Amino acid sequence: MKLIIAIIKPFKLDEVREAVAGLGVQGMTVSEVKGFGRQKGQTEIYRGAEYTTNMVPKIKLEIAAADDLAPRVVEAVQQAAHTGSIGDGKIFVLDLGQAVRIRTGETNDIAL
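This is a predicted model, so every value here is computed, not measured. (Residues numbered from 1 in each chain as written. Predicted model: local features only at pLDDT ≥ 70, side-chain atom pairs only at ≥ 80, totals over all residues. Heavy atoms only, no water.)

Peer 1: If you had to explain the side chain of K9 to someone new, which residues and values would you point to?
Peer 2: On the secondary structure map, K9 appears in the loop between β1 (2–8) and α1 (13–21). Within polar-contact distance, the side chain of K9 engages the side chain of S85 at 2.9 Å. Residues contacting K9, with those up to four places away along its chain left out, are K58, T83, S85, I86, G87 and D88. (Helix = DSSP H or I, 4+ residues; strand = E, 2+ residues; numbered from the N terminus. Polar contact = N/O pair within 3.5 Å; in protein donor to acceptor, adjacent residues only side chain to side chain. Contact = heavy atoms within 4.5 Å.)

So, in structure tokens, the structure goes:
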């Protein structure tokens, strides 16, 4: 099993969700996060005053997938989140040692 972590632009969330759902992904965790990278930050206006923040709002997705499905999920996220501009995000793939469904006690691929 693999844990796929993707950091994407917020407005791409629906496209990414539809792309991975089409592959049979049963669920994912979505978090609103802030961070910085090459994008460096942004200028915003708050109560008429302009200020610069070096933390950019992003969406963090966590998707657990079976080993055979993981490469297709990564490809689907990459294609759906792509805009071609700086700040499109990153995808990380980690080995997942174990998964347990709390309600039934099912484990690993069955629990996904």
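From this point, things continue past the structure.
Peer 1: Kindly report on the environment of T29, identifying the contributing residues and their values.
Peer 2: Relative to the helices and strands, T29 resides in strand β2 (residues 29–35). Measuring from C-alpha to C-alpha, the distance between T29 and E62 comes to 5.1 Å, with 33 residues separating the pair along the chain. Contacts of T29, omitting those with residues within four sequence positions, involve K60, L61 and E62.

Peer 1: Please give an account of the nonpolar core that cites residues and values.
Peer 2: Counting 18 residues, the largest nonpolar core has I4, I8, V16, V20, I63, V73 and V77 as the members making the most contacts within it. Within the residue set of this core, elements represented by two or more residues are β1, α1, β5 (56–65) and α2 (70–81). Top contributing element to this core by residue count: α2, with seven residues. Not counting residues up to four positions away in its chain, the partners in contact with V20 are V25, M28, I63, V73, A76 and V77. (Core = buried A, V, L, I, M, F, W, Y, C linked by side-chain atoms within 4.5 Å. Buried < 20%, exposed > 50% of the residue type's maximum accessible area, 1.4 Å probe, protein only.)

Peer 1: Outline the pattern of salt bridges, supporting the account with residue identities and numerical values.
Peer 2: Under the defined criterion, the tally for this structure stands at four salt bridges. A salt bridge links K9 to D88; the shortest N-O distance between them is 3.8 Å. Here K9 is found in the loop between β1 and α1, whereas its partner D88 is found in the loop between α2 and β6 (89–95), with 79 residues between them in sequence. Residue classification places K9 among the buried positions, given a relative accessible area of 11%. Of the charged contacts, one joins E15 and K12 as a salt bridge, the two residues approaching to 3.1 Å between their closest N and O atoms. You can call E15 partly exposed: its relative accessible area is 40%. Owing to a relative accessible area of 9%, K12 belongs among the buried residues under this scheme. (Salt bridge = Lys/Arg side-chain N within 4 Å of Asp/Glu carboxyl O.)

No statement about biological role is implied by the geometric values presented.
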